[in-house]
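The residues making up each chain are set out below.
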Amino acid sequence: MAELEPADLTAVAIQVAEQAAQHVRTRRPEVFGSGVTKTDAPQSVSTKSTDTDPVTIVDTESESLVRGLLASLRPGDAVLGEEEGGSVEVPSGVRWVIDPIDGTVNFLYGIPAYSVSVGAQVNGRTVAGAVVDVVRGTTYSATRGEGAYSDDGSGPVRLRTNPIDKVGLALVATGFGYGSARRRVQGELISALLPHIRDVRRIGSAALDLCMVASGAVDAHFEHGLSPWDWAAGSLIAEEAGAVVTIPDATSRSAAGNVTLAMAPGIADELGGLLARLGALEPIPD
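Only a predicted model underlies this, so the values are computations on that prediction, with no experimental measurement involved.

Scoring rules and cut-offs
- Residues numbered from 1 in each chain as written.
- Predicted model: local features only at pLDDT ≥ 70, side-chain atom pairs only at ≥ 80, totals over all residues.
- Heavy atoms only, no water.
- Salt bridge = Lys/Arg side-chain N within 4 Å of Asp/Glu carboxyl O.
- Buried < 20%, exposed > 50% of the residue type's maximum accessible area, 1.4 Å probe, protein only.
- Phe/Tyr/Trp six-rings, centres within 6.5 Å; stacked < 30°, edge-to-face > 60°.
- Helix = DSSP H or I, 4+ residues; strand = E, 2+ residues; numbered from the N terminus.
- Lys NZ or Arg CZ within 6 Å of the ring centre and 35° of its normal.
- Pairing = 2+ DSSP bridges.
- Axes fitted to C-alpha atoms, helices over the stretch in contact; angles between N-to-C directions.
- UniProt positions renumbered as here; feature names shortened; annotations may be inferred.
- Contact = heavy atoms within 4.5 Å.
- Polar contact = N/O pair within 3.5 Å; in protein donor to acceptor, adjacent residues only side chain to side chain.
- Parallel < 35°, antiparallel > 145°, perpendicular 65-115°, else oblique.
- Left-handed = near helix turned anticlockwise from the far one by under 90°.
- Nonpolar A, V, L, I, M, F, W, Y, C, P; charged D, E, K, R; others polar.

Undergrad: Just checking my understanding: could you explain the pattern of salt bridges for this structure?
TA: Oppositely charged side chains are able to pair whenever their charged atoms sit close together. In this structure the tally under the stated criterion is 10 salt bridges. We note a salt bridge from Arg74 to Asp77, for which the minimum N-O separation is 2.6 Å. You'll find Arg74 and Asp77 in the same group, each marked buried. Residues participating in the shared-partner salt-bridge network are Arg27, Glu30 and Glu61.

In structure tokens, the structure reads:
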């Protein structure tokens, strides 16, 4: 299918992500009732890479919904998703990179921080994307070269990173892998970083972390071992809000352990240098 202008792709991403988010929002109480853990509906939960890496029936439903909508709206486009996969190679034309629920553990336990992420890439570079905070009902979106916005239903608001210029005052978001070896190294890095910054936040959804950099809710985010569906939309939103962003190659996967990094521009040089000295910019492979 012929490429649309990036802004048109953003409109598709918003439409699809919001419909999937509504499905996730509706289905959680249907699947889990009033409970908050997987013990309430064990038949609806399985695991992937490790016993601590869950996938629920709602993840698979949400991805199927997104794929169906994209097949209708953009027939012929490639799709890469967390649950059903897709081509490892970057295709010519448009590739949609989707995370049906980013923050599945939060979703499972009823912690209100999980999202649906839909990004559109051309030649491996994200040009449009949307991330929906499912519980808050806020949509974050961006078009390359046209800025980033949030919309809680009252109209779009332009996003800007915080005007911070001191790393010692920086609130930094991060996340941890599922394998014990990577977690050990990540824990050591956080221990070394903490004396130099204001504090650390671990939200549990990388897509939301990146949007929080864009909105100024945090000043930076770094994490090792993300796959394209984790960062495709959120990294563009952060970048278009003014953040200095480093992402893995579009063909990279979690096992490689490459870093994803987004920083408010006023602390980018200092924080980037600090992370480099700590070894935090090096891969942490599985």
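Undergrad: What's the story with the packing of aromatic side chains in this structure? I'm lost.
TA: Ring pairs (aromatic) are described by centroid distance and by the angle formed between their planes. Inspection of every chain in the model, using the stated rule, returns 2 aromatic pairs. Ring geometry for Phe32 versus Phe107: centroids 5.9 Å apart, planes at 80°, classification edge-to-face. A residue pair is termed long-range when its members are at least 10 positions apart, and Phe32 in helix H1 (residues 6-32) and Phe107 in helix H3 (residues 104-109) qualify at 75 residues. On the basis of relative accessible area, Phe32 is assigned to the buried category, the value being 4%. Residue Phe107 is classed as buried on the basis of its relative accessible area of 0%. Seen in terms of ring centroids, Phe107 and Tyr114 are 5.2 Å apart; in terms of plane orientation they differ by 85°. Their pairing is edge-to-face. Comparing Phe107 with Tyr114 shows no difference in burial state: the two are buried. For the cation-ring pair, Arg28 lies above Phe107, with the distance from its terminal atom to the ring centre recorded as 5.7 Å.

Undergrad: Can you walk me through the sheet that holds strand E11 (residues 199-201) in this structure?
TA: Sheet strands associate in pairs through backbone hydrogen bonding, adopting either a parallel or an antiparallel arrangement. Strands sit in the order E11-E10-E12-E14-E13 across an open sheet of 5 strands; the sheet is mixed. In this open sheet, the two edge strands, each paired with only one partner strand, are E11 and strand E13 (244-246). Each neighbouring strand pair of the sheet contributes to a mean axis angle of 15°, computed without reference to strand direction. With 3 bridges connecting them, E13 and strand E14 (residues 259-263) associate as antiparallel partners. Note that in E14 the partner of Thr246 across the bridge is Leu261.

Undergrad: Would you take a moment to explain the UniProt feature "binding site: Mg(2+)" (unreviewed entry) in the protein chain for this structure?
TA: Using the residue numbers shown here, the UniProt feature "binding site: Mg(2+)" (unreviewed entry) corresponds to Glu82, Asp99, Ile101, Asp102 and Asp230. The named residues occupy 149 residues along the chain; their greatest pairwise C-alpha distance, 9.8 Å, places them in one compact cluster. Relative to the helices and strands, Glu82 is located in the loop between strand E3 (78-81) and strand E4 (94-102). Taking the relative accessible area as the measure of exposure, Glu82 reaches 22% and is therefore partly exposed. As for its placement among the helices and strands, Asp230 is situated in helix H6 (residues 228-240). Residue class for Asp230 comes out buried when judged on its relative accessible area of 10%. Discounting chain neighbours no more than four positions away, the residues touching Asp230 are Asp99, Asp102, Ala206, Ala207 and Leu210. Among the polar contacts made by the side chain of Asp230, one reaches the main-chain amide nitrogen of Ser227 at a distance of 2.8 Å.

Undergrad: I'm lost on the packing of H1 against helix H2 (residues 57-73) in this one. Help?
TA: Pairs of packed helices are described in terms of their axes, by the angle between the two and the distance that separates them. Closest axis-to-axis distance for the H1/H2 pair is 9 Å, and the angle between their directions is 150°. In terms of orientation, H1 and H2 fall into the roughly antiparallel class. When you trace H1 past H2, the crossing you get is right-handed. On the side of H1, the interface is formed by Val12, Gln15, Val16, Gln19, Ala20, His23, Val24, Arg27 and Val31, while H2 contributes Ile57, Val58, Glu61, Ser62, Leu65, Val66, Leu69, Leu70 and Leu73. Considered class by class, the residues forming the contact of H1 with H2 number 12 nonpolar, 4 polar and 2 charged.

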